[in-house]
Amino acid sequence: MRILVVEDDTALAAQIAQALRTAGFVADVEHDGEAAAFAGCEEAYDAAVLDLGLPHKDGLSVLRDWREAGHHWPVLVLTARNRWSDKVAGFNAGADDYLTKPFMMEEVLLRLRAMLRRSSGSGANLLRAGALEYDVGTGHFMWQGQTLQLTAQEHKILAYFMHHPGQLITRTTLSEHVYARDLDPDSNTIDVLIGRIRRKLGTAGVLVTERGQGFRLNMSEPR
Ligand code: CA
């Protein structure tokens, strides 16, 4: 899952991005409002962490730009103030949740995971597809009751599928959501990674190939 981090405090932005990457997310960072508004409209994100006080364009205007452009992924707003009027304005502009500075990095992760679960249409901490289970809170995968060991890239791919159960996912969509902006893998890479995940699962029946289109997570994979 790919997250846009917008924060003009460069040290804090780096800290948030690092915490997200360590937790298995892909993170892009912007430090000013205009660049953030542009990136959010041009790139494929699953969620954003958005500071309100930004140079060139304030966070609420950035959020309105994204929403007006039809982007409805969840947004966690960061604010230095804990004023009710800010929260009302934020929710009216389309924010999904709030975090008042200073905060623990763990709290950013908790809120983000909860927002992503809700936007996947599930409030549950444990996402299931047949005998495959994904604990959103810990980031652990279980397959047929055993811990599934995955590399960072394999993990990102499988997590993306678990958040989009039963949906057809094209190679392009996968690339956009499991690689940061400056990385453009060749189209073969996705197939290689899918192949590795299938070998670890011991079956191709979980991640099904839709000929000429992409892949789909099989929700009723036999155990
Ligand atoms: Ca700021």
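Caption draft 1: Local environment of the coordination of the calcium ion. Coordination of the calcium ion by the protein comes from Asp 8 (OD), Asp 51 (OD) and Gly 53 (O), over a distance range of 2.1 to 2.3 Å. Between the donor residues of the calcium ion, the gaps in sequence give the motif D-x42-D-x1-G. Note that Asp 8 is positioned in the loop between β1 (2–6) and α1 (10–22) and Gly 53 in the loop between β3 (47–51) and α3 (59–68), a separation of 45 residues in sequence. On the basis of relative accessibility, which here comes to 42%, the residue Gly 53 falls in the partly exposed class.

Caption draft 2: Region of the structure containing the packing of aromatic side chains. With the rule as written, the count across this model stands at 4 aromatic pairs. Aromatic pair Phe 91 and Tyr 98: ring centres 5.3 Å apart, planes at 65°, arrangement edge-to-face. Taking the centre distance of 4.3 Å and the plane angle of 20° together, the rings of Tyr 134 and Phe 141 count as stacked. Summarising the burial analysis for this pair, Tyr 134 and Phe 141 share the class buried. Within the aromatic cluster, the residues linked to one another by ring pairs are Tyr 45, Trp 66 and Trp 73.

Caption draft 3: Molecular detail of the packing of helix α2 (residues 33–42) against α3. Two numbers describe how α2 lies on α3: the axes approach to 9 Å, and their chain directions differ by 20°. The orientation of α2 with respect to α3, classified from their angle, is roughly parallel. Helix-helix and strand crossings are classified by hand; for α2 and α3 the assignment is right-handed. For the pair α2 and α3, contact is made by Gly 33, Ala 36, Ala 37, Gly 40 and Cys 41 and by Val 62, Asp 65 and Trp 66, respectively.

So, how was this worked out
- Residues numbered from 1 in each chain as written.
- Predicted model: local features only at pLDDT ≥ 70, side-chain atom pairs only at ≥ 80, totals over all residues.
- Heavy atoms only, no water.
- Donors = N, O, S within 2.8 Å, 3.2 Å for Na, K, Ca; no water.
- Helix = DSSP H or I, 4+ residues; strand = E, 2+ residues; numbered from the N terminus.
- Buried < 20%, exposed > 50% of the residue type's maximum accessible area, 1.4 Å probe, protein only.
- Phe/Tyr/Trp six-rings, centres within 6.5 Å; stacked < 30°, edge-to-face > 60°.
- Axes fitted to C-alpha atoms, helices over the stretch in contact; angles between N-to-C directions.
- Parallel < 35°, antiparallel > 145°, perpendicular 65-115°, else oblique.
- Left-handed = near helix turned anticlockwise from the far one by under 90°.
- Contact = heavy atoms within 4.5 Å.

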